[in-house]
Amino acid sequence: MTHQLPDLPYSKNALEPIISERTIEFHYGKHHQTYVTKLNELIQGTGFENSTLEDLILKSDGAIFNNAAQVWNHTFYWNCLTSPGNRAPEGKLMQMIIDSFGSFENFKKEFAQAAATQFGSGWAWLVVNKEGKLDVTKTPNAENPMQQGLKPLLTCDVWEHAYYLDYQNKRPDYVEKFWEITDWEKVAQRL
Ligand code: MN
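The residue numbering used here restarts from 1 in each chain and proceeds along that chain's sequence as written. The model is predicted, so local features are restricted to residues of pLDDT at least 70 and side-chain atom pairs to those at 80 or more, both for listing and for counting; the totals for chains, interfaces and linings are taken over all residues. With hydrogens and water excluded, all non-hydrogen atoms of the structure serve as input to the side-chain values.

A. Quick peek at the packing of helix α1 (residues 21–42) against helix α3 (residues 62–78). Angles run from 0 to 180 degrees between N-to-C directions of axes, and those axes are lines fitted to C-alpha atoms, restricted for helices to the stretch in contact. The helix count covers DSSP runs of H or I at least four residues long, the strand count covers runs of E at least two residues long, and both are numbered beginning at the N terminus. Where α1 meets α3, the axes come as close as 9 Å, and the angle between the chain directions of the two elements is 145 degrees. Along this stretch, α1 crosses α3, giving a crossing that reads as left-handed. Contact residues: α1 offers I24, H27, Y28, H32, Y35, V36, K38, L39 and L42, while α3 offers A63, I64, N67, A68, Q70, V71, H74, T75, Y77 and W78. Each residue is assigned to one of three groups, with Ala, Val, Leu, Ile, Met, Phe, Trp, Tyr, Cys and Pro labelled nonpolar, Asp, Glu, Lys and Arg labelled charged, and all others, Gly among them, labelled polar. Grouping the amino acids of the contact of α1 with α3 by side-chain chemistry returns 12 nonpolar, 6 polar and 1 charged. A crossing counts as left-handed when the near helix is turned anticlockwise from the far one by less than a right angle, and as right-handed when that turn is clockwise. Throughout, a contact is declared for two residues whenever any of their heavy atoms are within 4.5 Å.

Below you can see the structure in the form of C-alpha cells.
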C-alpha cells in the first residue's frame, strides 16, 4: 500500500489570517508531504507494507512509527480546522465539555495550558477517555493518544513549524487564535 497526502478540506488561504497560506505551503506542502514520502520509503521490505496508519501507530516504533503517526496527526489536524469565525461547540458536545470541565472557558484554559506546557515539539488534544468522559492531554513529538486507548476528538499542532511564520515564538498567541478556526461540527461527528 502506498500512503498518499490527502487533499486539504479547504483552500490554502482559507484559514487566513489565523494561519497564513505561506504556513500551509510549508506545513502541508513540505512537512506533511515529507512524512508521507519517508513512510513509503521506510515500509518497503518490512512486514508493515500493507498496514494502515492506525495499525502502524499501535504496532510500530522508531522511524516508521514517527512518520506514520505524523501523517495521521497532520491529516487529523487539518480536519479540525475551518475558515475563521466566532466558533463554539453545540448540543451534546457542548454538554459533555461542561460536564467534564465545568465550562467551555475552563476547557479552553486547560487545553491552552496543555499546549503551552508541551516542552519542545508535540500536540495538545481533546480526547474521550476510557470512562467515556472528555479529557485534555498532550503528547511529545509524534505520539498519539490512541496509544493509550484514548479517542482523539481535536488536536492542535504545537511544533514550531505550525506557527513560527505567523507568530514566531509566541505559541500562546497561536493557541488563542486556534479557537476561531476550530471546526466544532467535525469534532462533534467524532463522538
Ligand atoms: Mn506539524
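B. The arrangement of the packing of helix α4 (residues 91–101) against helix α5 (residues 104–117) in detail. It is the contact of α4 with α5, at a shortest axis distance of 8 Å, that shows an interaxial angle of 70 degrees. Comparing their axes, α5 and α4 come out roughly perpendicular. Seen from α4, the contacting residues are M94, I97 and F101; seen from α5, they are F104, N106, F107 and E110. Looking at the contact of α4 with α5 residue by residue, the class counts come to 5 nonpolar, 1 polar and 1 charged. Working definition: roughly parallel below 35 degrees, roughly antiparallel above 145 degrees, roughly perpendicular at 65 to 115 degrees, and oblique for all remaining angles.

C. Broad picture of the packing of aromatic side chains. Any Phe, Tyr or Trp ring, taking Trp's six-membered ring, that has another such ring centre within 6.5 Å forms a pair; planes under 30 degrees apart are called stacked, those over 60 apart edge-to-face, and the others tilted. One pass over the structure, following the stated rule, counts 18 aromatic pairs. Centre to centre, the rings of Y28 and W78 are 6.0 Å apart; their planes meet at 85 degrees, and the pair counts as edge-to-face. Of the two residues, Y28 sits in helix α1 while W78 sits in helix α3, which places them 50 residues apart along the sequence. Type-normalised accessible area, obtained with a 1.4 Å probe on protein chains alone, sets the label of each residue: buried when under 20%, exposed when over 50%, and partly exposed for intermediate values. Judged by its relative accessible area of 10%, Y28 is buried. The interplanar angle of 75 degrees and the centroid separation of 6.1 Å between the aromatic rings of F107 and W184 together place this pair among those described as edge-to-face. Here F107, found in helix α5, pairs with W184, found in helix α8 (residues 184–189); they are 77 residues apart in sequence, far enough to count as distant. Through pairs of rings, three or more aromatic residues link up here, namely Y28, W72, F76, Y77, W78, W123 and W125.

None of the figures reported here should be taken as evidence of function without further support.
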